[in-house]
Amino acid sequence: MIILHYKKILVTGADGFIGSHLTETLIREGNNVKAFVQYNSFNSWGWLDCTDTEIKKSLEVFSGDIRDSHGVKTAMKDCDCVINLAALIAIPYSYHSPDTYIDTNVKGALNVVQAARDLDISKIVQTSTSEVYGTAQFVPITEKHPLHAQSPYAASKIGADQIAMSFYNSFGLPVAIIRPFNTYGPRQSARAVIPTIITQILNGNKKIKLGAISPTRDFNYIKDTVQGFISVANSEKSIGEVINIGSNFEISIGETAKLIAEILNVEIEIETDEIRLRPEKSEVNRLWADNSKAKNLLNWQPKFSGKDGMRRGLKETIEWFSNNENIKKYKADVYNL
């Protein structure tokens, strides 16, 4: 158990996939957490609506919009650590609406660091993504790898990272950049490939519709990613640093689909669905993390590493999706941007 040395931690994007898992874990480990969720007229807290009653009792929720500087500053006033996960992350939707990615991801990050500077916040953790590297120019990918935006989403995240680091360099703001590679697990959106495969199979489909299957990814199980966030937030050594959080295991999309089918004991056929293909120059063909910096600097390392670790993570993910109450939240027959 790691109890962070902060009086109160603000988690933005707490209603999302990674944010909800992180929020729950922080509370279970005895931390005082405020969850920043996106305001909506349904008063929905996203995935936090599904959390345990005991977690909800310990949870302070702030409904707002990361694009609203006044609301962001208001939410941060009584906090001394901010973990910023609020972002638009779907790559296909960034082709459709790039404006919203700049407003949410870049302006949102600016709102956080501006308020942090004004309020003298002790630590800011800005969430990056492995997509900022583009197709690997060398492997495994270290934090020194060139940045190459192959989608408007990636460009917006590069912008957000640079805004955050500029405040460290210009004003000494205690910023750390966490750069998770492809996280998977319970609650992940169907826009991601692993839930896409699992939900199609669980709905009885033998022909699985996918985009490109040759690209490789470094998949992180959610429990490892969450511990990565906690390690970055808890370490003074992370200030001013960019830190990869990855499994250091490379696997293709096609092999991932076969592994899921093997766990579920079904035979599948993969069909290429043209609408799911990225534009040729936009496809990131290879991602494979060098996680040595996280190991050396933070003493973090993945517990779900290698093919055996991924198999264990996939089993837990499949078990969650196999629950009828969970899978009914997904539209497996509709392509999710």
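Residues numbered from 1 in each chain as written. Predicted model: local features only at pLDDT ≥ 70, side-chain atom pairs only at ≥ 80, totals over all residues. Heavy atoms only, no water.

### Some details on the overall build of the protein chain
Applicable threshold: Going along the chain from the N terminus, every DSSP run of H or I of four or more residues is numbered as a helix, and every run of E of two or more is numbered as a strand. We call two residues contacting when some pair of their heavy atoms lies within 4.5 Å. Surface exposure here means Shrake-Rupley accessible area, sampled with a 1.4 Å probe, where a residue is shielded only by the protein chains that are shown. By the counting scheme adopted, Arg and Lys are positive, Glu and Asp are negative, and His together with the chain ends is not counted. Charge positions come from single atoms, namely NZ of Lys, CZ of Arg, CG of Asp or CD of Glu.
Per the secondary structure count, the protein chain includes 12 helices and 13 strands. C-alpha extents for the protein chain along the principal axes are approximately 55 × 45 × 40 Å. In the protein chain, the share of contacts with a sequence separation of at least 24, taken over all contacts with a separation of at least 6, comes to 81%. Surface exposure of the protein chain reaches about 14800 Å², of which carbon and sulfur atoms provide 48%. Charged side chains of the protein chain number 38 positive and 38 negative; the gap between the two group centres comes to 1 Å.

### With respect to helix α8 (residues 222-234)
Threshold: Helix span, expected: 1.5 Å multiplied by one less than the number of residues in the helix. Three exposure classes are used, based on accessible area relative to the maximum for each residue type with a 1.4 Å probe and protein chains only: buried under 20%, partly exposed in between, and exposed over 50%.
Taking 1.5 Å per residue, 13 residues should reach 18 Å; α8 reaches 18 Å between its end C-alpha atoms and fits that length. Counting buried residues along α8, 10 of its 13 residues qualify, which places the element largely inside the surrounding structure. Turning to α8, its buried residues number three or more, namely Ile222, Asp224, Thr225, Val226, Gly228, Phe229, Ile230, Ser231, Val232 and Ala233.

### Section: the sheet that holds strand β3 (residues 60-64)
For the record, the criterion: Pairing between strands requires that DSSP locate at least two bridges from one strand to the other. Fitted lines through C-alpha atoms serve as axes, helices being fitted only where they are in contact, and the angles separating the N-to-C directions of these axes extend from 0 to 180 degrees.
Strand order in the open sheet made by the 7 strands is β3-β2-β1-β4-β5-β6-β11, with parallel pairing throughout. On the outer flanks of this sheet lie β3 and β11 (242-245), each paired with one strand and no other. Mean inter-strand twist for the sheet, computed between neighbouring axes without regard to direction, equals 20°. Relative to the sheet, helix α1 (residues 17-28) contacts β1 (9-12), β2 (33-38) and β4 (81-84), its axis offset from that of β1 by approximately 160°. Of the strands in this sheet, β1, β2, β3 and β4 are in contact with helix α3 (residues 69-76), which crosses β2 at around 160°.

### Details of the pattern of salt bridges
Here is the rule we go by: Think of a salt bridge as a Lys or Arg side-chain nitrogen and an Asp or Glu carboxyl oxygen that are within 4 Å of each other.
The full count for this structure, using the stated rule, is 22 salt bridges. Put simply, Arg28 and Glu24 hold a salt bridge, and the shortest N to O gap is 3.9 Å. Highlighted residues: Arg28 and Glu24, both in helix α1, separated by 4 residues, approximately one helical turn. You can call Arg28 partly exposed: its relative accessible area is 46%. Judged by its relative accessible area of 5%, Glu24 falls in the buried class. Linking Lys328 and Glu325 is a salt bridge whose minimum nitrogen-to-oxygen distance equals 3.2 Å. A relative accessible area of 46% means that Glu325 is categorised as partly exposed.

### With respect to unusual backbone geometry
With an omega of -10°, the peptide bond running from Val139 to Pro140 counts as cis. In this fold, Pro140 is placed in the loop between β5 (123-127) and α6 (152-171). Even without a glycine there, the phi angle at Asp120 is positive, about 60°. Considering the arrangement of structural elements, one finds Asp120 in the loop between α5 (98-119) and β5. When its relative accessible area of 67% is taken as the criterion, Asp120 is described as exposed. For Arg187, which is not a glycine, the phi torsion comes out positive at approximately 85°.

### Some remarks on the packing of aromatic side chains
Applied cut-off: The rule is short: rings of Phe, Tyr and Trp, with Trp giving its six-membered ring, pair when the centres are within 6.5 Å, and they are stacked under 30 degrees, edge-to-face over 60, tilted in between. Look at NZ for Lys and CZ for Arg. If either is within 6 Å of the ring centre and within 35 degrees of the ring normal, a charge sits over the ring.
One pass over the structure, following the stated rule, counts 13 aromatic pairs. When the ring of Tyr184 is compared with that of Tyr221, the centres are 5.3 Å apart and the planes differ by 50°; the resulting orientation is tilted. Here the residue Tyr184 occupies a position in strand β7 (residues 183-184), and Tyr221 occupies one in strand β10 (residues 220-221), the gap between them amounting to 37 residues. In this pair, the class of Tyr184 matches that of Tyr221, namely buried. Centroid distance Trp320 to Tyr330: 6.3 Å. Interplanar angle 90°. Geometry classified as edge-to-face. Taken together, the positions of Trp320 in helix α11 (residues 306-321) and Tyr330 in the segment after α12 (324-327) put the pair 10 residues apart, joining distant regions of the chain. The class of Trp320 is buried, set by a relative accessible area of 18%. Accessibility expressed as a relative area gives 12% for Tyr330, which makes it buried. One aromatic cluster is present, built from ring pairs that chain together Trp47, Trp320, Phe321 and Tyr330. Arg117 extends its terminal NZ or CZ atom over the ring of Phe171, reaching a point 3.6 Å from the ring centre.

### What about the pairing of β5?
Across the 5 residues of β5, 5 count as buried, placing the element largely inside the fold. Burial along β5 is two-sided: the face carrying Lys123, Val125 and Thr127 and the face carrying Ile124 and Gln126 are both buried. Examined bridge by bridge, β4 and β5 share 4 bridges and lie parallel to one another. When the bridges of β5 are listed, Val82 appears paired with Ile124.

### Looking at α6
Compared with the 28 Å implied by 1.5 Å per residue over 20 residues, the 28 Å span of α6 between its first and last C-alpha is a close match. Residues Tyr153, Ala154, Ser156, Lys157, Ile158, Ala160, Asp161, Ala164, Met165 and Phe167 constitute the buried set of α6. At the C-terminal side of α6, Gly172 shows a positive phi close to 70°.

### Notes on the nonpolar core
Nonpolar side chains tend to gather and get buried jointly when the protein is soluble and globular. Here is the rule: The term nonpolar core refers to a set of buried residues drawn from Ala, Val, Leu, Ile, Met, Phe, Trp, Tyr and Cys, joined through side-chain atoms within 4.5 Å.
Of all hydrophobic cores here, the largest spans 58 residues; its most connected members are Leu22, Leu26, Ile83 and Met310. Of all the elements, α8 adds the most residues to this core, at 6 residues. What Leu26 contacts, discounting residues up to four positions off in sequence, is Leu4, Ile9, Val11, Asn31, Val33, Ile83 and Ile230. Counting residues in hydrophobic clusters, the runner-up holds 23 residues, among them Ile66, Val112, Val113 and Val175.

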